[in-house]
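# Structural overview for review
For reference, the chains in residue letters:
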Amino acid sequence: IQTTEECEALLHEEIHTLERSLISTQKSGDLPEEARICNNIAKKLELLGEWKRALEFHHYDRQICRTLDDVDGELLAISNMITIFKEYHPFLSLL
């Protein structure tokens, strides 16, 4: 069984790895993969309670999906942003 601190450290490590992947994916121009990585980063940030950063990555995911004319992907990103606003709005004002 892992402690909360160990879980948080693992999430931070995973985010760091994903951010490195994001940079190389941006260089390669693979937009669908870039959107997927942004969504994954955002979801991990949500688990850490980093709502503002999570919103930024979901927003970037939405922009990429719009560029790709990926309606389903864009709707998913919007849904993720709505969930954060709906569930965590009181905490966002504290940031």
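Placed above this text is the structure.
This one's a predicted model, so the numbers in the text were calculated from it and none came from an experiment.

### Some words on the environment of E19
Within the secondary structure, E19 sits in helix α1 (residues 4–28). Residues E19 and R53, spaced 34 residues apart in sequence, show a C-alpha to C-alpha distance of 13 Å. Not counting chain neighbours up to four residues away, the residues in contact with E19 comprise I41, R53 and F57. Separated by 2.8 Å, the side chains of E19 and R53 make a polar contact.

### Brief notes about the pattern of salt bridges
Going through the model one piece at a time under the given rule, you end up with 7 salt bridges. Here E74 ties to R66 by a salt bridge, and the two come within 3.0 Å at their closest N and O atoms. If you follow the salt bridges from partner to partner, you end up with E19, E50 and R53 in one network.

### Focus on the environment of D70
Take D70: it is sitting in the loop between α3 (51–67) and α4 (71–92). Sequence separation between D70 and P32 is 38 residues; the distance between their C-alpha atoms is 9.1 Å. Here the side chain of D70 touches D72 through a polar contact of 3.4 Å, landing on its backbone nitrogen.

### Observations regarding the packing of helix α2 (residues 31–48) against α3
The contact between α2 and α3 brings their axes to 8 Å, and the two run at 160°. With respect to α3, the element α2 is oriented roughly antiparallel. Of the two elements, α2 crosses α3, and the hand of that crossing is left-handed. Residue-level inspection shows L31, E34, A35, C38, N39, I41, A42, K43, L45 and E46 of α2 in contact with α3, the latter providing W51, R53, A54, F57, H58, Y60, D61, I64, C65 and T67. The residue inventory of the contact of α2 with α3, partitioned by class, reads 12 nonpolar, 3 polar and 5 charged.

Rules and cut-offs
- Residues numbered from 1 in each chain as written.
- Predicted model: local features only at pLDDT ≥ 70, side-chain atom pairs only at ≥ 80, totals over all residues.
- Heavy atoms only, no water.
- Helix = DSSP H or I, 4+ residues; strand = E, 2+ residues; numbered from the N terminus.
- Contact = heavy atoms within 4.5 Å.
- Polar contact = N/O pair within 3.5 Å; in protein donor to acceptor, adjacent residues only side chain to side chain.
- Salt bridge = Lys/Arg side-chain N within 4 Å of Asp/Glu carboxyl O.
- Axes fitted to C-alpha atoms, helices over the stretch in contact; angles between N-to-C directions.
- Parallel < 35°, antiparallel > 145°, perpendicular 65-115°, else oblique.
- Left-handed = near helix turned anticlockwise from the far one by under 90°.
- Nonpolar A, V, L, I, M, F, W, Y, C, P; charged D, E, K, R; others polar.

All we've got here are geometric facts, nothing functional implied.
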